[in-house]
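Here are the chains, one letter per residue:
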Amino acid sequence: MKLCFSILALSLSFSAVFGGNSNHSEVEQKPNVIVIITDDQGYGDLGYNGNEIIKTPSLDQFFRESIRATNFHVSPTCSPTRGALMTGRYTNRVGTWHTIAGRSLLFEDERVLPQIFAENGYATGMFGKWHLGDNYPFRPEDRGFQEVVRHGGGGITQGPDYWGNNYFNDTYWKNGEPQEYEGYCTDVFFTESMKFIEANQDNPFFAYISTNAPHGPFHVPEEYYNLYKDEDRLLERQKRFYGMITNIDRNVKRLEDQLQKLGLADNTIIIYMTDNGTAAGYAERDARIYGYNAGFRGTKGSEYDGGHRVPFAIRWPKGHINGNKEISQLLAHIDLLPTLVDLAGLSWMGGKQVDGISFAPLLREETDKWEARTLIVDSQRTLNLVKWRKSAVMDDTWRLINGQELYNIKKDPGQSEDVAAEFPEVVVGLQESYNKWWATLMEQQVNERYAYIKVGTPYENPVRISSHDMHIYPYKNAWHQHGALEAVGGKGILKVEIANEGRYKISLRRYPRESGLSFNQNVPAKKGSIEINEPMPNSNNQINIKEATLYLADISTTKPIINNEAEVDFVGFIPAGKYDMTAFLQDDQGRMYPSYYVYIEKMNDQD
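Source: prediction; values computed, not measured. (Residues numbered from 1 in each chain as written. Predicted model: local features only at pLDDT ≥ 70, side-chain atom pairs only at ≥ 80, totals over all residues. Heavy atoms only, no water.)

Participant: Could you give an account of the pattern of salt bridges, with specific residues and numbers?
Facilitator: If the charged atoms of two oppositely charged side chains come close together, the side chains can form a pair. By the definition in use, this model includes 34 salt bridges. Here D39 and R82 are joined by a salt bridge, their closest N and O atoms 3.7 Å apart. Linking D39 in the loop between strand 1 (32-38) and helix 3 (57-64) with R82 in helix 4 (residues 78-87), this pair joins segments that are 43 residues apart in sequence. Take D39 and R82: they sit in the same class, and that class is buried. What you see here is one network of salt bridges that share partners, running through R89, D109, E110, K352 and R449. (Salt bridge = Lys/Arg side-chain N within 4 Å of Asp/Glu carboxyl O. Helix = DSSP H or I, 4+ residues; strand = E, 2+ residues; numbered from the N terminus. Buried < 20%, exposed > 50% of the residue type's maximum accessible area, 1.4 Å probe, protein only.)

Participant: If you had to explain the sheet that holds strand 15 (residues 375-378) to someone new, which residues and values would you point to?
Facilitator: Spatially, 15-16-17-18 is the arrangement adopted by the 4 strands of the open sheet, whose pairing is antiparallel. Whereas interior strands pair on both sides, the edge strands pair on one side only; in this sheet they are strand 15 and strand 18 (405-408). Between one strand axis and the next, the sheet turns through 20° on average, direction left out of account. In this structure, strand 17 (residues 398-401) lies alongside strand 18, joined through 4 bridges in antiparallel fashion. By the bridge assignment, R399 is partnered in strand 18 with Y407. Helix 13 (residues 424-443) contacts strand 15, strand 16 (391-394), strand 17 and strand 18 of the sheet and is inclined by roughly 65° relative to strand 17. (Pairing = 2+ DSSP bridges. Axes fitted to C-alpha atoms, helices over the stretch in contact; angles between N-to-C directions. Contact = heavy atoms within 4.5 Å.)

Participant: Lay out the packing of aromatic side chains with the relevant residues and their values.
Facilitator: One pass over the structure, following the stated rule, counts 31 aromatic pairs. For the ring pair F63 and Y272, a centre distance of 6.1 Å and an interplane angle of 75° mean the geometry is edge-to-face. Here F63, found in helix 3, pairs with Y272, found in strand 9 (residues 268-274); they are 209 residues apart in sequence, far enough to count as distant. For the pair F63 and Y272, a shared accessibility class is recorded, and that class is buried. On the numbers, 5.1 Å between centres and 45° between planes, the contact of F168 with Y184 is tilted. Here F168 is found in the loop between strand 5 (147-150) and strand 6 (171-174), whereas its partner Y184 is found in the loop between strand 7 (177-180) and helix 7 (185-199), with 16 residues between them in sequence. (Phe/Tyr/Trp six-rings, centres within 6.5 Å; stacked < 30°, edge-to-face > 60°.)

Participant: I'd like a rundown of empty space enclosed by the protein, residues and numbers included.
Facilitator: As enumerated under the stated definition, the model contains 3 cavities of 30 Å³ or more in all. In this model, the largest cavity occupies a volume close to 50 Å³. Contributing to the lining of the largest cavity are S75, Y90, T91, N92, H333, I376, V377, D378 and W437. Elements supplying a minimum of two residues to the lining of the largest cavity: helix 5 (91-94) and strand 15. The biggest single contributor to the lining of the largest cavity is strand 15, with 3 residues. Counted by class, the lining of the largest cavity contains 4 nonpolar, 4 polar and 1 charged residues. (1 Å grid on protein atoms, 1.4 Å probe; cavity = no way out; pocket = protein on both sides within 12 Å on 5 of 7 lines; lining within 4 Å. Points joined across faces, edges and corners; volume = space filled by probe spheres on them. Nonpolar A, V, L, I, M, F, W, Y, C, P; charged D, E, K, R; others polar.)

Participant: Tell me about the confidence of the model for the chain, residues and numbers included.
Facilitator: Across the chain, the average pLDDT comes to 92, with 91% of residues at or above 70. Residue range residues 1-27 is modelled with pLDDT below 50. Its contacts to residues more than four positions away, or to other chains, number 68 contacts. Per-residue pLDDT stays below 50 along residues 527-536; that stretch engages in 20 contacts with residues further than four places along the chain or on separate chains. (pLDDT = per-residue confidence, 0-100.)

Participant: Can you explain the environment of A392? Please cite residues and give values.
Facilitator: Residue placement: A392 occurs in strand 16. Look at A392 and you get buried, because its relative accessible area is 1%. A392 sits 130 residues away from N522 along the chain, and the two C-alpha atoms are 47 Å apart. Dropping the residues within four chain positions of it, A392 is found in contact with E303, H308, L375, I376, V377, L400 and I401.

Take a look at the structure:
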């Protein structure tokens, strides 16, 4: 048996990566592009893929009208998928191999998809979940998106998000400023994207609609919950989870109706995909199966196919990409950037070499041949990369799991029979491919690289930083708003870069300013409604925070907390440069907590 492997970034030239024909499009006007990516919806969480319980009629129709990639892979969790999608490069190269702890920030020197579209005259907008950085220079508005409506962090209610959001009538960031919205989160994000589309209907646009749903907490409008409330094939959380997906389905129908009304449907590329395997759509309890996973092994976070093989469909009627067809070649998130560049006929002066390959020739049916390739995904979720950790090395036939287990995916899609002992030569070949790939990461010294939040710039001042981006282990949930409420202990560092020397005020807080809460204030449990079906935590009202400590540049100071104030300020001159900042709180029992929120403001010369 002869196995052919390629590490794409090393072996393909620029023209090969992008298909060698950027002017192929038959249409004179550049197509509009809409990418819809949902959060935590797996391959089996869709009626079209065989789920007999879930109600997704609009998505099922879209998949019937599209070209479906049935062997499409992403990373097993959120930020890693998004970093790869935006750059066309493996997520471990670009700094986004975790979802928290400073390792979800996309390295500043990476060029990303919206920048390419903007440089080619497109209006660019993103709506929903970004999860590649909440501060300058990592925000979507810093990376090529001209219109942005987003929540913070990796999900609504997480640390960077606006305090008190709960999916209904929330406050989101619109182009960097908080703004209140009415309605359910998914409805809001689709509505805002539709406003953007209508405003730019006479020009080509790129709309990135990235829903936080159906990510937990599983808050859902009552009417969608009621569709499943009596379904005994689902656990309680799955009823809410499915309701969230049906709500997405209804919003996709709203979007498609608008495109038809505006006369844009024919020349608009629409992609529907998800960011990892299912989070809640499949479960086993007491020898009984609840939900559906399309026969795959593993769920979100898993190195088995159920963790990273996702639904993917693309439709572009004017480009003849439609018609109820399937392609089964091995594809991945890293292929999306070069494919869209190819389909839209974009010019790109380049940057770092991409790892992906344009699969536009497969979509255009110019060829049914596809070069043999090896793809790698993993679920690191660590401060630094660990070799072989939760990894899958894939080719058309095989899956090498964690460098040891081997599965023939064509004969055994459920990955139930490890055949490594029977095919040692296959194991060795896939290990060699992984070792070459790993060597390129180590050559780039990615473990020694960090993404620094910049302060003292005109683009964001003051800077609001949460413990979500604190380099801390173990993490527990100190990175979440719940961590502040529950007073989860810990201490870590924040990577900050002082862009310009000067006097700075650094304010340490337990709760963010918009909360109006002081350090030791008694906070009642967040109250739900008939539409919110998950309980929220009580705060830990037993602690008594007495001191706040800051280490930054020459500032090495502890200050008392007086009269239960809301924040403690430190002021000093800080030279320009990169720093490891430590900010923590201490209670009357000597227990330490992160400063869950830190504000850094460059002061005026007269201050």
